[in-house]
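# Structural description and commentary
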Amino acid sequence: MLTTCLTCQKFQRVKYLPRLGISTHKPFKRCVNSNQISKCFSSINSYFKLTNIYKYQQLINSHFIIIQKINSQSSKQKSNLTSKFVYIQLKMRLLKVATCNLNQWAMDFDCNLKNIKESISEAKGSGAMIRLGPELEITGYGCEDHFLELDTVAHAWECLKELLLGDWTDGILCSFGMPVIKDSERYNCQVLCLNRKIIMIRPKMWLANDGNYRELRWFTAWKQKDHLEEFHLPSEISDALSQTTVPFGYGYVQFLDTAVAVEVCEELFTPLPPHAELALNGVEVFMNASGSHHQLRKLDLRNRAFISATHTRGGVYMYSNHQGCDGGRLYYDGCSCVVVNGDMVAQGSQFSLKDVEMVFAQIDLDAVASLRSSVSSFQEQASCKAKVSKVFVPYKLCQPFDLQMLLSSPLKIRYHSPEEEIALGPACWLWDYLRRSGASGFLLPLSGGADSSSVAAIVGSMCQLVVKEIANGDKQIKADAIRIGHYTDGQFPTDSKEFAKRIFYTVFMGSENSSEATTTRAKVLADEIGSWHLNVSIDGVVSSLISLFQTLTGKRPRYKVDGGSNIENLGLQNIQARVRMVLAFMLASLLPWVHNKPGFYLVLGSSNVDEGLRGYLTKYDCSSADINPIGSISKMDLRTFLKWAAVHLGYSSLAEIEAAPPTAELEPIRSNYSQLDEVDMGMTYEELSVYGRLRKIFRCGPLSMFKNLCYKWGTKLTPAEVADKVKYFFKYYSINRHKMTVLTPSYHAESYSPEDNRFDLRQFLYNVRWPYQFRKIDELVNELNGDTVALTKSTDGEKVNVTADGGMGVVAAGSGDPRAGF
């Protein structure tokens, strides 16, 4: 091969040393001077310091040792040595790749195709040779049972045909996600295209089928790993492309200068991920198309998987994800990235209002080859690997060494705090829901308590994000905001409070049981956010209903503090709660008409995940709404969020709201009595979070929960007391489980959510006495001498049973860890 000396600029035939990834040539007369050679090395060394290609730094430094040895010799010896030790120039395979966050919408093929085209245009404009999009990007990931319709598959092929008939894939390898029917099976596929041809279809082998995912309901897992099959393209596609068949199955694409393979979402997290085998077969670039949703504190798990995939075996790992609400409870949280040899070199945003966000990286594939060749165990395993099928494409993706192409450097991974996640994730989800639903805004029953105030703060955060992105020049967000806010004469949002006034109603629906403190807190917070705030008394409606009941039955119910029974007390509370729900929906539908605005407002719910788990809410009260941005967030996290938002969102009244004891204010306030949530529930919110994690994340029934809590609480509670708490929780959980069947669709953020519709699938009619399970607990309590504390804390001079950091096991310890459950 031919190359050039960076100093003398003369071409010379060179010998390639593959293990070192370098080229050598005998220097010309202008380069024989050792000082001149040192100058060559210095220029290269400076470049690599500039671009942070530290994996080559040791290689460069080792040759400076040679130069130093040359300079230390006599003139005659130096002349001989310089004829033997040659100038070294690194041989590189430089590759620019593009991955993306796309805000797709299930079944909206026009929207999805528009975003895909925009992402390709940006990728090609930047000089990228590979463009990766998210899983099922053509249809949208959340089509669910629409995947069972032949129309959905047919429309996906039509969109792909449009992409291939244009110049979209000219000179760039594109991976598109779509469903494909082969024979009689439906597969979740990545379709690899280049220069207006389909070069390979890769079906997903391991399907996500737990938690929020039901892929096996719609797709079949590809099981033929040992060969590629021939797939006959649909006739309208083959006629348009003049291509009849395409390789289909598990394999990789071998180009002239590198090998590329696909790994689809869930496959990365399996016990034996495909990338391990593919790396041994020489694949250097892995493309992971994903549909991964946001969950509090989850991002680190995902990033560690990318890093682990390439840290010891080398490689370039590209990750693409959806970002936004594509029509359901999930918010896909983007974070598309590129990882090289265990170092993240490019990272996209986790939360954004943008429809398309590109992430680029410029990499040197020889860094991958160098790492692999230096690991003995990799070499040994590669020598006896199982062969994976490949498709050969006579095309080059890389370019040679070029100082104009600066390489991407390792960066510090960006993580949001849980408080920031709560402020940003649900806010972006609400914006997508608002702009796509056709609604003109939101209406929130604002009580002045922690939960409804959290929802109000999240809407305020949404308004701040919208104004910020408009200021940054996003035309789509500006157009949506003008339409939703009904701006005219060229006006658009420039102030978040002014925008909130147009699209956000808050209503304090007070009664004789409401305190002046909550009334004031609601009004102050509404003013800080900028919402259109109303203060309404519901006493007249409640009194009319009670009088109607008295006319019908001859009896008038009383509160418990006034001598009434528990049944009367609960009935009177439920009347107030349900009146508020009816009034909220009435206002949401009619207030736009009152203010001469078109459309309708979406009613926001504000019950948290712990209240849903315990059933501490009235069926068809204000927990019943159109959507709920906090329905899967714990009370503990919400309280931390309120303190954070008081400072960082600028709503200072939230600090006072967080400090106030939680109360429903549905009973009369007396000098010796004030209703409190935790007293009503018979348990604290912290205890509820523990019960929730044990029940859902660690799959504990009553007996298992009792055993683990004996370890967790055994230093302060007797086994009998632990048993009483467990029984009490399961009694009220099962009594109220039916409420989860009508739970308002909620933003999914917590792994112990009791949401019945798809995430936490359980019966809703229980034997609430749990006779068999509770009997087993009682038997164990008797065996343990249940009236005595079983464990003692460690102190100086006494026997240690439990330490602060251990002694309770993985499950009991995890029950108190908000990061558990991934």
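Residues numbered from 1 in each chain as written. Predicted model: local features only at pLDDT ≥ 70, side-chain atom pairs only at ≥ 80, totals over all residues. Heavy atoms only, no water.

## Describing the overall build of the protein chain
Each helix and strand in the protein chain was counted, giving 27 helices and 25 strands. Residues classed as buried in the protein chain amount to 56% of the 822 residues present. A separation threshold of at least 6 residues defines the contact pool for the protein chain, and within that pool the share at least 24 residues apart is 73%. As presented, the protein chain carries roughly 34500 Å² of accessible surface, and 54% of it is formed by carbon and sulfur atoms. (Helix = DSSP H or I, 4+ residues; strand = E, 2+ residues; numbered from the N terminus. Buried < 20%, exposed > 50% of the residue type's maximum accessible area, 1.4 Å probe, protein only. Contact = heavy atoms within 4.5 Å. Areas by Shrake-Rupley, 256 points an atom, 1.4 Å probe, with all protein chains shown as cover.)

## Side note on the nonpolar core
Ranked by size, the top nonpolar core spans 60 residues in total, and within it Ile 138, Trp 157, Leu 160, Phe 176, Ile 198 and Ile 201 carry the most contacts. Broken down by element, the residue count for this core peaks at seven residues, all from helix 5 (residues 150-165). Those residues within four positions of Trp 157 in sequence are excluded, and the remaining contacts are Met 178, Val 180, Ile 198, Ile 201, Phe 231, Leu 233, Pro 234 and Ile 237. Core analysis: the second largest hydrophobic core is formed by 59 residues, Trp 429, Leu 465, Ile 529 and Tyr 651 among them. (Core = buried A, V, L, I, M, F, W, Y, C linked by side-chain atoms within 4.5 Å.)

## Digging into the packing of helix 23 (residues 685-697) against helix 25 (residues 719-735)
Following both chains from N to C, one finds helix 23 and helix 25 inclined at 75°, their axes separated by 12 Å at the closest point. In terms of axis orientation, helix 23 runs roughly perpendicular to helix 25. Mapping the contact onto sequence places Glu 687, Leu 688, Tyr 691 and Arg 695 in helix 23 and Lys 725, Phe 729 and Tyr 733 in helix 25. (Axes fitted to C-alpha atoms, helices over the stretch in contact; angles between N-to-C directions. Parallel < 35°, antiparallel > 145°, perpendicular 65-115°, else oblique.)

## Some details on helix 24 (residues 702-712)
Residues of helix 24 that are buried include every one of Pro 702, Met 705, Phe 706, Asn 708, Leu 709 and Cys 710, and no others. Contacts made by the buried residues of helix 24 are with helix 23, helix 25, helix 26 (771-783) and helix 27 (809-814).

## Digging into the packing of aromatic side chains
Considering all chains together, one arrives at 29 aromatic pairs under this definition. Ring plane angle 70° and centroid distance 5.2 Å describe the contact between Trp 222 and Phe 248, whose orientation is recorded as edge-to-face. Of this pair, Trp 222 sits in the loop between helix 6 (215-218) and strand 11 (229-232) while Phe 248 sits in strand 12 (residues 245-248); the two residues are 26 residues apart in sequence, bridging distant segments of the chain. Looking at Trp 222, the relative accessible area reads 4%, which means it is buried. Looking at Phe 248, the relative accessible area reads 0%, which means it is buried. The side chain of Lys 182 reaches across the aromatic face of Phe 248, ending 5.8 Å from its centre. The ring centre of Tyr 487 lies 3.8 Å from the NZ or CZ of Arg 502, which sits over that ring. (Phe/Tyr/Trp six-rings, centres within 6.5 Å; stacked < 30°, edge-to-face > 60°. Lys NZ or Arg CZ within 6 Å of the ring centre and 35° of its normal.)

## A closer look at a negative patch on the surface
On the surface, Glu 149, Asp 151, Glu 158, Glu 236 and Asp 239 cluster together to form a negatively charged patch. Those elements that provide at least two residues to the negative patch are helix 5 and helix 7 (235-241). Secondary-structure assignment places Glu 236 in helix 7. (Patch = residues over 30% accessible without salt bridge, like charges linked within 9 Å, V, L, I, M, F, W, Y side chains within 5 Å. Salt bridge = Lys/Arg side-chain N within 4 Å of Asp/Glu carboxyl O. Lys, Arg positive; Asp, Glu negative; His and termini not counted. Charge placed at Lys NZ, Arg CZ, Asp CG, Glu CD.)

## Things to note about the sheet that holds strand 24 (residues 532-537)
The sheet built from four strands is open, its strands ordered 24-23-22-25 with parallel pairing. This sheet does not close on itself; its edge strands, each paired only once, are strand 24 and strand 25 (601-603). Ignoring which end each strand starts from, the neighbouring axes of this sheet average 25° apart. Here strand 23 (residues 504-510) pairs with strand 24 via six bridges, running parallel. Paired with Gly 510 across the bridge in strand 24 is Ser 537. The strands touched by helix 15 (residues 496-503) are strand 22 (441-445), strand 23, strand 24 and strand 25; relative to strand 23, the strand with the most contacts, the crossing angle is about 65°. Packing of helix 18 (residues 566-594) onto the sheet brings it into contact with strand 22, strand 23, strand 24 and strand 25, and relative to strand 23 it is tilted by some 145°. (Pairing = 2+ DSSP bridges.)

## Considering the pairing of strand 8 (residues 173-182)
Taking burial as the measure, the 10 residues of strand 8 include nine buried ones, the bulk of the element. The sheet contact formed by strand 7 (residues 130-132) and strand 8 spans three bridges and is parallel. Its bridge partner lying in strand 8, Arg 131 is registered against Cys 174. By the bridge criterion, nine bridges tie strand 8 to strand 9 (residues 185-194) in an arrangement that is antiparallel. The residue of strand 9 that forms the bridge with Phe 176 is Val 191. Linking two consecutive strands that pair antiparallel, namely strand 8 and strand 9, is a turn of two residues; a positive phi of about 55° is found at Asp 183 within it.

## Regarding unusual backbone geometry
Notably, Ser 242 is not glycine yet its phi reads approximately 55°, a positive angle. Residue classification places Ser 242 among the exposed positions, given a relative accessible area of 64%.

## Some words on the packing of helix 24 against helix 25
Think of two packed helices as two axes; the pair is described by the angle between the axes and how far apart they sit. Running from amino to carboxyl end, helix 24 crosses helix 25 at an angle of 140°, the nearest separation of the two axes being 9 Å. In terms of orientation, helix 24 and helix 25 fall into the oblique class. Regarding helix 24 and helix 25, the two cross each other, and that crossing is right-handed. Contacts from Pro 702, Met 705, Phe 706, Leu 709 and Cys 710 in helix 24 reach Pro 719, Val 722, Ala 723, Val 726, Phe 729 and Phe 730 in helix 25. Taken together, the residues of the contact of helix 24 with helix 25 break down into 11 nonpolar, no polar and no charged. (Left-handed = near helix turned anticlockwise from the far one by under 90°. Nonpolar A, V, L, I, M, F, W, Y, C, P; charged D, E, K, R; others polar.)

## So, a nonpolar patch on the surface
Where nonpolar side chains cluster on the molecular surface, the patch consists of Val 541, Leu 545, Leu 548 and Leu 552 and spans about 380 Å² of accessible area. If you trace the backbone, Leu 545 turns up in helix 17 (residues 539-553).

## Remarks on the confidence of the model for the protein chain
The pLDDT averaged across the protein chain works out to 87; a share of 87% of its residues lies at or above 70. Note that pLDDT drops below 50 for residues 1-90; the model gives that stretch 143 contacts with residues more than four away or on any other chain. This stretch, residues 795-805, has a pLDDT under 50; its non-local contacts, to residues over four places away or in other chains, come to 12 contacts. (pLDDT = per-residue confidence, 0-100.)

## Some thoughts on the pattern of salt bridges
Counting across every chain of the model gives 33 salt bridges. Arg 93 serves as the salt-bridge partner of Glu 284, at 2.8 Å between the closest nitrogen and oxygen. Here Arg 93 lies in the loop between strand 5 (87-90) and strand 6 (94-102) and Glu 284 lies in the loop between helix 8 (274-280) and strand 15 (285-289), a separation of 191 residues in the sequence. Arg 93 shares its class with Glu 284; the two are buried. For Glu 229, the salt bridge identified is with Lys 182, shortest N-O distance 2.7 Å. One end of the pair, Glu 229, is in strand 11; the other, Lys 182, is in strand 8, with 47 residues separating them in the sequence. Here Lys 182 falls in the buried class, since its relative accessible area comes to 6%.

## Notes on the side chain of His 293
Within the element layout of this structure, His 293 appears in the loop between strand 15 and helix 9 (299-311). A polar atom in the side chain of His 293 sits 2.7 Å from the side chain of Tyr 213. Apart from residues no more than four positions distant in its own chain, His 293 is found in contact with Asn 212, Tyr 213, Lys 298, Arg 302, Leu 330, Tyr 331, Tyr 332, Asp 333 and His 748. (Polar contact = N/O pair within 3.5 Å; in protein donor to acceptor, adjacent residues only side chain to side chain.)

## Quick notes on the state of the cysteines
As enumerated under the stated definition, the model contains zero disulfides in all. Free cysteine: Cys 335, not disulfide-bonded; nearest cysteine sulfur from Cys 337 at 7.8 Å. (Disulfide = S-S within 2.5 Å.)

## As for the pairing of strand 10 (residues 197-203)
Counting buried positions over the seven residues of strand 10 gives six, a clear majority of the element. Strand direction decides the pairing type here: strand 9 and strand 10, joined by six bridges, are antiparallel. Paired with Leu 192 across the bridge in strand 10 is Met 200. Hairpin connection, strand 9 to strand 10: the antiparallel pair is bridged by two residues, and Asn 195 has positive phi, about 50°.

## Considerations on the environment of Asp 778
Position of Asp 778 among the secondary structure elements: in helix 26. You can call Asp 778 partly exposed: its relative accessible area is 33%. Expressed as a C-alpha distance, the spacing of Asp 778 and Asp 724, which sit 54 residues apart in the sequence, is 9.7 Å.

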